[in-house]
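What the coordinates show
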Amino acid sequence: MSAAPEPVTVTVWSDLGCPWASLALHTLRTAARERAQDILIDHRAFPLELFNDQPTPKFIVEPEIVVISAHRPELGWRLWAGRESDYPSTMLPAMEAVQAAKDPSVGGLRGSDELDAGLRHAFYVESRCISIPSEILAVAAACEHVDEHALARAMERGAGRAEVYAQWRVAQGPEIQGSPHLFAPGGYAAHNPGASVRWAAAPDQGGMPRLDHYDPSWATDLLDRLAEREP
């Protein structure tokens, strides 16, 4: 009996604190789950705070959460409900953990994606400070395919940090346009798929983003393409 073919891998460049990336990933994961189509997601870091030399501002993230939630209330997102002092000032430790989880002894690509999804849920829905190791590991403990003890040991060694910085260097090139940017076999590439968005004015001047249109069918179209490539 021949072994089942490996699931197709979709590469996603993103920042954990980017609501648009979180929307794209939720759309793709939901579509794959509804179709019972197995895919793997290979996460690559597009660390906005390294690009911008500052934490991603709350006054940018929260208006984006409001606008996206109005279009997709099933996300369950809410504005930060924890103590202001607990609001994450960095997403680097969480993104490093997602990279560290790719090690087969920790979770592999499947475990890494579970951890990414869990961390996004913890931040956007539960208002948890995913900047700190204890919260990252608590999320990991709830992931079926992640060995949280192996992840803890990996994080102690600094696993994932070099990968995040290396990916940041690559993301500075012209091929990666921002967070999120998705790539898949067959030449598929899409930056912030399905979304038509613009800011009415600069965020630091009180401007709000405007989501003119969001078409989630991009995810089923992508999955159709991937299914056609499977043997």
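Our subject is the structure listed above.
If you're wondering where the values come from, they're calculated on a predicted model, not measured in any experiment. (Residues numbered from 1 in each chain as written. Predicted model: local features only at pLDDT ≥ 70, side-chain atom pairs only at ≥ 80, totals over all residues. Heavy atoms only, no water.)

This paragraph deals with the overall build of the chain. Looking only at helices and strands, the chain features 9 helices and 6 strands. At 17 Å, the chain has a C-alpha radius of gyration in line with the 17 Å of a compact globule built from 231 residues. For the chain, the spread of C-alpha atoms along the principal axes amounts to about 60 × 40 × 35 Å. Total accessible area on the chain is roughly 11200 Å²; 51% of this is exposed by carbon and sulfur atoms. Positive and negative side-chain charges of the chain, numbering 20 and 32 respectively, have mean locations separated by a distance of 1 Å. (Helix = DSSP H or I, 4+ residues; strand = E, 2+ residues; numbered from the N terminus. Rg over C-alpha atoms; globule rule 2.2 N^0.38 Å. Areas by Shrake-Rupley, 256 points an atom, 1.4 Å probe, with all protein chains shown as cover. Lys, Arg positive; Asp, Glu negative; His and termini not counted. Charge placed at Lys NZ, Arg CZ, Asp CG, Glu CD.)

Summed over the entire model, instances satisfying the criterion amount to 8 aromatic pairs. Here the aromatic rings of Phe-51 and Trp-168 are separated by 6.3 Å at their centres, their planes lie at 90°, and the arrangement is edge-to-face. One end of the pair, Phe-51, is in helix α2 (residues 48-52); the other, Trp-168, is in helix α8 (residues 161-171), with 117 residues separating them in the sequence. Given the relative accessible area of 13%, Trp-168 is considered buried. Site record: aromatic cluster; members linked through ring pairs are Trp-77, Trp-80, Tyr-87, Phe-123 and Tyr-124. Geometry around Tyr-87 places Lys-58 over its ring, the cationic atom sitting 5.6 Å from the centre. (Phe/Tyr/Trp six-rings, centres within 6.5 Å; stacked < 30°, edge-to-face > 60°. Buried < 20%, exposed > 50% of the residue type's maximum accessible area, 1.4 Å probe, protein only. Lys NZ or Arg CZ within 6 Å of the ring centre and 35° of its normal.)

In this chain, Ser-179 is followed by Pro-180 through a cis amide linkage whose omega measures 0°. Along the chain, Pro-180 falls in the loop between α8 and β3 (181-184). Within the chain, Ala-36 stands out as a residue other than glycine whose phi angle is a positive 55°. Note that Ala-36 resides in the loop between α1 (19-35) and β2 (39-45). We classify Ala-36 as exposed; its relative accessible area is 73%. At Asn-192, a residue that is not glycine, the phi angle is positive and equals roughly 45°. Residue placement: Asn-192 occurs in the loop between β4 (188-191) and β5 (195-199).

Tracing the backbone through its elements, the reader meets Ser-131 in the loop between α5 (108-124) and α6 (133-141). Polar side-chain contacts of Ser-131 include one of 2.5 Å to the backbone oxygen of Thr-90. Discounting chain neighbours no more than four positions away, the residues touching Ser-131 are Pro-88, Ser-89, Thr-90 and Pro-93. (Polar contact = N/O pair within 3.5 Å; in protein donor to acceptor, adjacent residues only side chain to side chain. Contact = heavy atoms within 4.5 Å.)

This part is about the sheet that holds β2. Ordered by their spatial adjacency, 4 strands build an open sheet running β2-β1-β3-β4, and the pairing between neighbours is mixed. The open sheet has two edge strands, β2 and β4, and neither has a second partner. Mean inter-strand twist for the sheet, computed between neighbouring axes without regard to direction, equals 20°. Summarising the sheet, β3 and β4 pair through 4 bridges and their orientation is antiparallel. Each residue of the ladder has a partner; that of Leu-182, found in β4, is Ala-190. Each of β1 (8-14) and β2 is contacted by helix α4 (residues 92-100), which is oriented at about 135° to β2, the strand it contacts most. (Pairing = 2+ DSSP bridges. Axes fitted to C-alpha atoms, helices over the stretch in contact; angles between N-to-C directions.)

The next subject is α1. Turn by turn, an α-helix covers 3.6 residues, leaving residues three or four places apart pointing in a common direction. Between its first and last C-alpha, α1 extends 24 Å over 17 residues, near the 24 Å set by a 1.5 Å rise per residue. Of all 17 residues making up α1, 13 are buried, and the element is well covered by its neighbours. Looking one or two residues past α1, Ala-36 carries a phi angle of roughly 55°, positive in sign. (Expected span 1.5 Å × (residues − 1).)

Considered for burial, the residues of α6 that qualify are Ile-136, Val-139 and Ala-140. One face of α6 carries all of its buried residues, which in axial projection span an arc of 100°. Along its buried surface, α6 packs onto α4, α5 and α7 (148-156). (Arc of directions from axis to C-beta.)

This part takes up the environment of Trp-218. Relative to the helices and strands, Trp-218 is located in helix α9 (residues 217-229). Classification of Trp-218 as buried rests on a relative accessible area of 9%. Between the alpha carbons of Trp-218 and Trp-80 there is a distance of 29 Å; along the sequence they are 138 residues apart. Those residues in contact with Trp-218, other than ones at most four positions away along the chain, are Ala-24, Thr-27, Leu-28, Leu-182, Tyr-188, Pro-193 and Gly-194. A polar contact of 3.4 Å, which involves the side chain of Trp-218, links it to the backbone oxygen of Pro-193.

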